[in-house]
Amino acid sequence: MADEVRVAFVGAGGNAQGHMGRLAEIENVEIVAICDLVEEKVQQACAEYEAAAYTDYRAMLDEIEAEVVYVSVPPFAHEYAEVLAARKGCHVFVEKPVVLNMDKGYEIAEEIDKAGVLSCVGYQLRLLDSVQRARRYLATRTIGMVSAHRWGGFPETAWWRVMGQSGGQLHEQTTHQVDLMRYLAGEIVEVYAQYSLRVMSDVDNLDIPDAQGALLKFQDGAIGTIVTSPMMRQGGGVSDLKFLVEDHVLEWQIGGNILMPDDDAEVTGEPQETMSIDEAFIVAIRSEDSGTIPCSYRSGLQTSAVTLAANESARTKKPVEVPVI
Ligand SMILES: NC(=O)c1ccc[n+]([C@@H]2O[C@H](COP(=O)([O-])OP(=O)(O)OC[C@H]3O[C@@H](n4cnc5c(N)ncnc54)[C@H](O)[C@@H]3O)[C@@H](O)[C@H]2O)c1
């Protein structure tokens, strides 16, 4: 029987519930404690997993014994849970985007390093078979240009529409494509962004832009663009990532693990099964080997550095260098 792994949660929202469900299916993994500010959510989740209920993560981390802490809260709500968990010797899983403020991210990264615990950020798309095949294909080629779209719908969550809480769609949601750009094409070193509010000013309390575009410069000289909008409130959408490699275009689509090479590209179209990010993290913890973890805290923070630089660029109307974490 594999070693028992006890998991505690900070945040019991929609995303956390997905992780809980997947973890509960892994042999000998137990969800021992759950914390959320909303008592009703905690009680509901705790009843399902027979976990201890908390509304204060400090009290929870003080009292419980666990090997792993998941932090699944909105971007503005990252406070000290990661730091306290790392100091306690717990491995930490943090949801993307890991912060809204780079200083907080540096503090957490240092504490994780100091404690020597494993970390994982919820960039699960890196694990997709199509992404792995794209990575192998692109690794030996010169990428000229990269482009990404995310044109889709609007999450109803109250915090998502507030710039000071979510950081806007590029930082909060389209971060997945920015992360894949880094993962597949190398580091992004400079950003120049333009944002606008075109059609969504009728939404209550909304102060995020609904049209965001950024021009990106990669470390090796490649140029990228990313355009993103949540204005398709009636459904539908486009979500892709394209790489121009001399005479070929490699296209990846977010829905369905699809890779669409043009006729001559030497990558197959059929996706294979991949493990969930939760399974990958538990495997790493049990084997004490970070090899299966798709994205460490520092790498996740580097992705946030790109989108926070874009926000600064849109504010200042100047190109912004992306700090190296
Ligand atoms: N990896 C992915 O594909 C993916 C998918 C969905 C969401 N997410 C990320 O997960 C995070 C949470 O998203 P969600 O959809 O679950 O949001 P949500 O609003 O449904 O849930 C967030 C929960 O965090 C709780 N919370 C906030 N501050 C807290 C605190 N100090 N202590 C305890 N609980 C606290 C809130 O009460 C809420 O219940 C976001 O960063 C989001 O981007 C990632």
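Residues numbered from 1 in each chain as written. Predicted model: local features only at pLDDT ≥ 70, side-chain atom pairs only at ≥ 80, totals over all residues.

Draft legend 1. How the structure looks around the overall build of the protein. Of the regular secondary structure elements, the protein holds 11 helices and 14 strands. Relative to a compact globule of 325 residues, whose C-alpha radius of gyration would be 20 Å, the protein shows 20 Å and is just as compact. On the principal axes, the C-alpha backbone points of the protein span a range of 55 × 45 × 40 Å. For the protein, contacts bridging at least 24 residues in sequence account for 69% of all contacts bridging at least 6. (Helix = DSSP H or I, 4+ residues; strand = E, 2+ residues; numbered from the N terminus. Rg over C-alpha atoms; globule rule 2.2 N^0.38 Å. Contact = placed C-beta atoms within 7 Å.)

Draft legend 2. Representation of helix α11 (residues 297-316) within the structure. With 20 residues, α11 extends 28 Å between its outermost C-alpha atoms, agreeing within 8% with the 28 Å of an ideal straight helix rising 1.5 Å per residue. Where burial is concerned, most of α11 is hidden: 16 out of the 20 residues are buried. Following α11 by one or two positions, lysine 317 has its phi on the positive side, about 60 degrees. (Expected span 1.5 Å × (residues − 1). Buried ≥ 20, exposed ≤ 12 C-beta atoms within 10 Å, placed from the backbone.)

Draft legend 3. View of the sheet that holds strand β14 (residues 320-321). Read across the open sheet, the 8 strands follow the order β13-β12-β11-β7-β10-β9-β8-β14; overall the sheet is mixed. Each edge of the open sheet carries a strand with a single partner, namely β13 (258-261) and β14. Relative to strand β12 (residues 248-253), strand β11 (residues 238-245) runs antiparallel, the two being bridged by 6 bridges. In the strand pairing of β12, valine 245 is matched with histidine 248. Packing of α11 onto the sheet brings it into contact with β8 (188-196), β9 (211-218) and β14, and relative to β8 it is tilted by some 50 degrees. (Pairing = 2+ DSSP bridges. Axes fitted to C-alpha atoms, helices over the stretch in contact; angles between N-to-C directions.)

Draft legend 4. Fine view of the pairing of β12. Hairpin geometry of β11 and β12 is characterised by an intervening segment of 2 residues between the two adjacent antiparallel strands and by a positive phi of about 55 degrees at glutamate 246. Both β12 and β13 contribute to a ladder of 4 bridges, which runs antiparallel. What sits directly across from tryptophan 252, in β13, is leucine 259.

Draft legend 5. Spatial organisation of the packing of helix α9 (residues 175-185) against α11. Here α9 crosses α11 at 115 degrees, and the two axes come no closer than 9 Å. If you check the angle between α9 and α11, you find them roughly perpendicular. Seen along the crossing, α9 lies across α11 with a hand that is right-handed. Seen from α9, the contacting residues are Thr175, Val178, Asp179 and Arg182; seen from α11, they are Gln302, Thr303, Val306 and Thr307. (Parallel < 35°, antiparallel > 145°, perpendicular 65-115°, else oblique. Left-handed = near helix turned anticlockwise from the far one by under 90°.)

Draft legend 6. Fine view of the site of the ligand. Looking at the ligand, there are 24 residues lining it, with Gly11, Gly13, Asn15, Ala77 and Gly122 nearest. Broken down by element, the shell around the ligand gets its largest block of residues, 3 residues, from helix α1 (residues 14-24). Here the shell around the ligand is composed, by residue class, of 11 nonpolar, 8 polar and 5 charged. (Near = placed C-beta within 6 Å. Nonpolar A, V, L, I, M, F, W, Y, C, P; charged D, E, K, R; others polar.)

Draft legend 7. How the structure looks around the sheet that holds strand β4 (residues 68-71). Ordered in space as β3-β2-β1-β4-β5-β6, the 6 strands form an open sheet in which the pairing is parallel. Looking along the sheet, the strands with just one partner apiece sit at the ends: β3 (52-54) and β6 (119-121). Neighbour to neighbour, the strand axes of the sheet diverge by 20 degrees on average, direction disregarded. Examined bridge by bridge, β4 and strand β5 (residues 91-94) share 4 bridges and lie parallel to one another. Looking at the pairing, tyrosine 70 lines up with phenylalanine 93 of β5.

Draft legend 8. Representation of the domain arrangement of the protein within the structure. You can read the domains of the protein as domain 1 (5-124 + 277-294) and domain 2 (125-272 + 304-321). Taking only C-alpha atoms into account, the centre of domain 1 sits 26 Å from that of domain 2. Taken residue by residue, the interface counts 15 residues in domain 1 and 17 residues in domain 2. Of the residues belonging to the side of domain 1 that touches domain 2, the class tally is 12 nonpolar, 2 polar and 1 charged. (Domains from an automatic or database assignment.)

Draft legend 9. Inspection of the nonpolar core at higher detail. Ranked by size, the top nonpolar core spans 93 residues in total, and within it Val7, Phe9, Ile34, Val69 and Val92 carry the most contacts. Top contributing element to this core by residue count: α11, with 8 residues. Among residues more than four places away in sequence, those in contact with valine 7 are Leu23, Val29, Glu30, Ile31, Val32, Ala66, Val68 and Tyr70. (Core = buried A, V, L, I, M, F, W, Y, C linked by C-beta atoms within 7 Å.)

Draft legend 10. Structural view of helix α6 (residues 129-139). Along α6, the residues classified as buried are Ser130, Val131, Arg133, Ala134 and Tyr137. Projected down its long axis, α6 carries its buried residues within an arc of 160 degrees, all on one side. Opposite the buried face of α6, by more than 90 degrees, sit the exposed residues Arg136 and Ala139. In the core, the buried residues of α6 are packed alongside α9, β12 and β13. (Arc of directions from axis to C-beta.)

Draft legend 11. Examining the packing of α6 against α9 more closely. Where α6 contacts α9, the axes come no closer than 9 Å and their chain directions differ by 40 degrees. If you check the angle between α6 and α9, you find them oblique. Of the residues in α9, those in contact with Val131, Ala134, Arg135 and Leu138 of α6 are Leu180, Tyr183, Leu184 and Ala185. For the contact of α6 with α9, the residue count by class is 7 nonpolar, no polar and 1 charged.

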